[in-house]
Amino acid sequence: MGFRCGIVGLPNAGKSTLFNALSATAAAEVAAYPFTTVEPNVGRIAVPDPRLEIVARLTGAARATPAHLDFVDIAGLVKGASKGEGLGNRFLAHIREVDAIAHVLRCFERDDVSHVEGGIDPVRDAGMVETELMLADLESLTRRAETAAKRARGGDREAQLELSAMGPALAALEDGKPAMSVALDPEQAAICKRFQLLTAKPVLYVSNVDESAAAAGDALSERVQALAQARGASHVVISAAIEADIAALADQAERGEFLASLGLEEPGLDRFIRAGYALLDLITFFTANEKEAHAWTVRSGACAPEAAGVVHSDFERGFIAAETIVFDDLAAAGGAPAVKDAGKMRLKGRDDVVRDGDILYFRFNV
């Protein structure tokens, strides 16, 4: 399990440049004009986690396989997208298919890269895109409510439940607020999830700044930070141009020197992924044997059988237990046998929760 994150924003905000850097490919065409990305591009990237190499070394694994994340580069939205302007309907449909939204906002000045609104204002840009998403949600939810109301009048219990869940979301959207601003009980939340509301998805604001502001941000990114705090959303500062330069460097030592010259401790990609994990409340666990150490992603709070299912459906179907080593115990002991000898290996049963960094050995019988 990973997550599928859609990269959205106005044209020329730097979405495709960031996507190319994240995926280390040239799959998305980059140009200084709107709508160069006509079809969504999907990039699968490895999750950097220094613990994986340590797990591989201390368990004698021949190779290390990281967890992966999917990013979808969705062409720029413009005012009127909810009504089909600028190819908007097609792109709104693609946004419905992702788990989270990375909203790239232009926080840099460049005379050779046009802006569809004629000037740089990331808060205004965020409002434009969010308005289009809310309008699209309002239209789709209104249609659903009308259909459900007819069924409810006929005594349909499921339709009545749907209406009870739709009501608060519709009221919020009509008031110009996103669906995620509504507090729903678990049953209502489960129903609303089926509607794939665009404004119910977790949002990560990405301030795309000039190279000189990559380390500390600037006045424009500070405005985005304030917006994110007000919305209860996450925020990261990235220079897409720098990330593109880093992606072009194959040598890790060169990358380190380049980052140090800019006053950066790590690539923006690493911050982006950590923010994405936090956004969707995900954790990493590991499996390891003599052939391979593998990092996997599962939702926080998942029990051991669910984690087993991430590795293979048979593991979940025939789950018996999971022998578990805590990463810190493995690192301190210097190997799995020493952890066992110290009596620190534990068994997780069906109702036991997996923790971030757990190394799991599944027992199963199909």
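The written sequence of each chain sets the order in which its residues are numbered from 1. Local features in this predicted model are restricted to residues of pLDDT 70 or higher, and side-chain atom pairs are both shown and tallied only at a pLDDT of 80 or more, whereas totals for entire chains, interfaces and linings draw on every residue. The basis for every side-chain value is the complete set of non-hydrogen atoms in the structure, without hydrogens or water.

Q: Can you lay out the sheet that holds strand β7 (residues 234-238) for me, pointing to particular residues and giving the numbers?
A: Spatially, the six strands line up as an open sheet ordered β2-β4-β1-β5-β6-β7, and their pairing is mixed. A strand with exactly one partner marks an edge of an open sheet, and here the two such strands are β2 (41-46) and β7. Strand-to-strand twist in this sheet, taken as the mean axis angle between neighbours without regard to direction, amounts to 25°. By the convention used here, strands pair only if DSSP detects at least 2 bridges between them. Secondary structure is summarised from DSSP: a helix means a run of H or I of at least four residues, a strand means a run of E of at least two, and numbering begins at the N terminus for each. In this sheet, strand β5 (residues 100-107) lies alongside strand β1 (residues 4-8) in parallel orientation, the contact comprising four bridges. Looking at the pairing, I7 lines up with A102 of β5. Strand contacts of helix α7 (residues 219-231): β5, β6 (203-209) and β7, with the helix running at about 175° to β6, the strand carrying the most contacts. Every axis corresponds to a line fitted to the C-alpha atoms, with the helix fit spanning only the stretch in contact, and the corresponding angles, defined between N-to-C directions, vary from 0 to 180 degrees. It only takes one pair of heavy atoms within 4.5 Å for two residues to be counted as in contact.

Q: Before we move on, can you summarise empty space enclosed by the protein with the specific residues and values?
A: A cavity here means a set of 1 Å grid points, computed over protein atoms only, where a 1.4 Å probe fits but cannot escape. A pocket is an open set with protein on both sides within 12 Å along at least 5 of 7 lines, and lining residues have an atom within 4 Å of a point. Grid points are joined across faces, edges and corners, and a volume is the space filled by probe spheres set on the points. Counted according to the given criterion, the structure contains two cavities of 30 Å³ or more. Of the volumes computed, that of the second largest cavity is approximately 30 Å³. Considering the residues around the second largest cavity, the lining is formed by A214, I238, S239, I242, E243, L264, G268 and R271. Among the secondary structure elements, those contributing two or more residues to the lining of the second largest cavity are α8 (240-247) and α10 (268-280). Of the residues contributing to the lining of the second largest cavity, the split by class is four nonpolar, two polar and two charged. As a working rule, the residues Ala, Val, Leu, Ile, Met, Phe, Trp, Tyr, Cys and Pro are called nonpolar, Asp, Glu, Lys and Arg charged, and the rest polar, with Gly in that last group.

Q: Give me the lowdown on the pairing of β7, citing residues and values where you can.
A: For the exposure calls, accessible area comes from a 1.4 Å probe over protein chains only, and a residue counts as buried if that area is under 20% of its type's maximum, exposed if over 50%, partly exposed in between. The buried fraction of β7 is high, at four of five residues. In terms of strand pairing, β6 meets β7 through five bridges, oriented parallel. In the sheet register, N208 faces β7, and the bridge partner there is I238. Consider the strands pointing away from the viewer: the crossover is right-handed when the path from the first strand over the helix to the second runs clockwise. After leaving β6, the chain enters α7 and then returns to the sheet as β7, a path that is right-handed.

Q: Talk me through the layout of surface pockets; I want residue IDs and the actual numbers.
A: Estimates place the volume of the largest pocket at around 600 Å³. Lining the largest pocket are 19 residues, with A189, K193, A200, K201 and P202 sitting closest to its centre. Among the elements that make up the lining of the largest pocket, the one with the highest residue count is helix α6 (residues 186-193) (four residues). Considering only residue class, the lining of the largest pocket consists of 13 nonpolar, one polar and five charged.

Q: Outline the nonpolar core, supporting the account with residue identities and numerical values.
A: For this analysis, a nonpolar core means a set of buried residues of the types Ala, Val, Leu, Ile, Met, Phe, Trp, Tyr and Cys, connected via side-chain atoms within 4.5 Å. In this structure, F71, V206 and F272 are the most contacted members of the largest nonpolar core, which totals 43 residues. No other element matches the six residues that α10 contributes to this core. Beyond its immediate chain neighbours, meaning those up to four positions away, F272 contacts L18, L22, F71, A102, L204, V206, V236 and I238. Core analysis: the next-biggest nonpolar cluster, separate from the first, contains 17 residues, M134, L161, L170 and A179 among them.

Q: Summarise the side chain of E130; cite the residues concerned and give the values.
A: The residue E130 is located in helix α4 (residues 122-153) in this model. For E130, a relative accessible area of 14% puts it in the buried group. Every residue in contact with E130, bar those within four places of it in the chain, is listed here: H103, Y205 and R231.

Q: Mind laying out the pattern of salt bridges, listing which residues take part and the relevant values?
A: A pairing counts as a salt bridge when a side-chain nitrogen of Lys or Arg comes within 4 Å of a carboxyl oxygen of Asp or Glu. Enumeration over the complete set of coordinates arrives at 18 salt bridges. Here R151 makes a salt bridge to E162, at a shortest N to O gap of 3.6 Å. Separated by 11 residues along the polypeptide, R151 in helix α4 and E162 in helix α5 (residues 157-174) bring together distant segments of the chain. Note on R151: relative accessible area 31%, which makes it partly exposed.

Q: Summarise the environment of F315; cite the residues concerned and give the values.
A: Within the secondary structure, F315 is located in helix α12 (residues 313-317). Put simply, F315 and F364 are 49 residues apart on the chain and 5.7 Å apart in space, counted from C-alpha to C-alpha.

Q: Account for the packing of α5 against α6, with residues named and values stated.
A: Packing of α5 against α6 brings their axes to within 9 Å, and their N-to-C directions diverge by 95°. Between α5 and α6, the angle falls in the class roughly perpendicular. On the side of α5, the interface is formed by L161, E162, S164 and A165, while α6 contributes E187, Q188, I191 and C192. Residues of the contact of α5 with α6, tallied by class, amount to four nonpolar, two polar and two charged. Throughout, the term roughly parallel applies to angles under 35 degrees, roughly antiparallel to angles over 145, roughly perpendicular to angles from 65 to 115, and oblique to all others.

Q: How would you summarise the confidence of the model for the protein if you had to cite specific residues and measurements?
A: Confidence scores labelled pLDDT are given residue by residue by the predictor and lie between 0 and 100. Of all residues in the protein, 88% attain a pLDDT of 70 or more, and the chain-wide mean is 85. The element-level mean pLDDT for the protein is lowest in helix α3 (residues 88-96), coming to 69, with strand β10 (residues 319-325) highest at 97. Low pLDDT, under 50, characterises residues 25-29; the predicted model gives this stretch 14 contacts beyond four residues in sequence or across chains.

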